[in-house]
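Each chain, letter by letter, is given below.
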Amino acid sequence: MIIYGWRSAHLRTTKSQTATCPSCNTKGSTVISVYSKHAHIFWIPLFPYGKTGASQCQHCKYAMKLKEMPEEIKKEYKNLKMDVKPPIWQFAGLILFSFLVVWLIYAGKEGKKMDQEYLAAPAKGDIYEFKTESGYYSTLKVMQVTADSVIVSPNNYEMEKKSRLYKIEKPENYAEFTYGISKENLKKMYEEEEIFDIER
C-alpha cells in the first residue's frame, strides 16, 4: 500500500488562438493546460514542488506532454504558467505540520509549568519518572509528604525507553519498602533532568 508519493492538480486550461497543431495543422484548435505537482503522504498534500503542462488538439485529439510541445505552444504554456499559482490546499500538510509543532511547543511549556507546581507542592500518589544510575528508566511513587521531604516507593522494574514507562506503571510493581528524598534534592534532581516528568 502506497502511503506517500507525487500527484498533480489541474490549475487552468486555455485555448490558443494562434497555435497550429503539429499533427493535423489546424490553427486555433489547441488547448493548453497547467498542472501543479505536489508531494503527499496518506493522500494528504504536503507541499507543491513545481508545475507541468499538457496540450491537446480539439480537432484531432492529438495530445502532447510538455517536453513534446513545439516552441510555439511551449511559449504559450510558459505565459500561462506564470499567471497561475498552486491552490492553498496543496500546502495542507505544511500547515498541519506547523500547527503540530506549535502545539508541541505549547504542550511542552505547559508540562514544564505543571511539573514546577507539582515540585513546589508534592502530593501523595505523584509519580516521578526518572533515569536510573544504570541508564535505564523507572518510576517513583510518592507515598507520604512531610514538611521537608517526600517518602517514595521505587518501581521494581526498569525500561530501556522512557516512552514505554507506561507498561510498568502498575500498583503491584512498586516495592514494599520506602525511602525519603528532601524537597530540595527533589528540585535538584529535576533541574539536572534525572527526574524528567511528573504525573499526578
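Run through the side chain of threonine 132, naming residues and quoting values.
Looking at the secondary structure, you find threonine 132 in the loop between β5 (127–131) and β6 (137–145). Apart from the residues lying within four places of it in its own chain, the contact partners of threonine 132 are Tyr137, Ser138 and Glu158.

An account of the nonpolar core is needed here, citing residue identities and associated values.
Of all hydrophobic cores here, the largest spans 14 residues; its most connected members are Tyr128, Val150, Val152, Ile181, Leu186 and Ile195. Elements that contribute at least two residues to this core include exactly α2 (92–120), β5, β6, β7 (149–154), α3 (183–191) and β9 (195–199). No other element matches α3, which puts three residues into this core. In terms of nonpolar packing, the next biggest core, distinct from the first, is built from nine residues, Met64, Met69, Ile73 and Tyr77 among them.

An account of helix α1 (residues 71–83) is needed here, citing residue identities and associated values.
Each α-helix turn comprises 3.6 residues. Residues three or four places apart therefore point the same way. The terminal C-alpha atoms of α1 lie 19 Å apart, and with 13 residues this matches the ideal 18 Å at 1.5 Å per residue to within 8%. Buried within α1 are the following residues: Ile73, Lys74, Tyr77 and Leu80. Along the axis of α1, the buried positions cluster into a sector of 120°, meaning they face one direction only. Facing away from the buried side of α1 by more than 90 degrees, the exposed set consists of Glu71, Lys75, Met82 and Asp83. Contacts from the buried residues of α1 go to β1 (4–15), β2 (30–41), β3 (44–57) and β4 (63–65).

Tell me what's going on with the side chain of glutamate 129, and back it up with residues and numbers.
Residue position: glutamate 129 is located in strand β5. There is no salt bridge for the buried glutamate 129, and the closest opposite charge comes from lysine 162, which lies 7.9 Å off by N-O distance. Among all residues touching glutamate 129, those that are not within four sequence positions of it are Ser138, Thr139, Leu165, Glu194, Ile195, Phe196, Asp197 and Glu199.

Cut-off values and rules
- Residues numbered from 1 in each chain as written.
- Predicted model: local features only at pLDDT ≥ 70, side-chain atom pairs only at ≥ 80, totals over all residues.
- Heavy atoms only, no water.
- Helix = DSSP H or I, 4+ residues; strand = E, 2+ residues; numbered from the N terminus.
- Contact = heavy atoms within 4.5 Å.
- Core = buried A, V, L, I, M, F, W, Y, C linked by side-chain atoms within 4.5 Å.
- Buried < 20%, exposed > 50% of the residue type's maximum accessible area, 1.4 Å probe, protein only.
- Expected span 1.5 Å × (residues − 1).
- Arc of directions from axis to C-beta.
- Lys, Arg positive; Asp, Glu negative; His and termini not counted.
- Salt bridge = Lys/Arg side-chain N within 4 Å of Asp/Glu carboxyl O.

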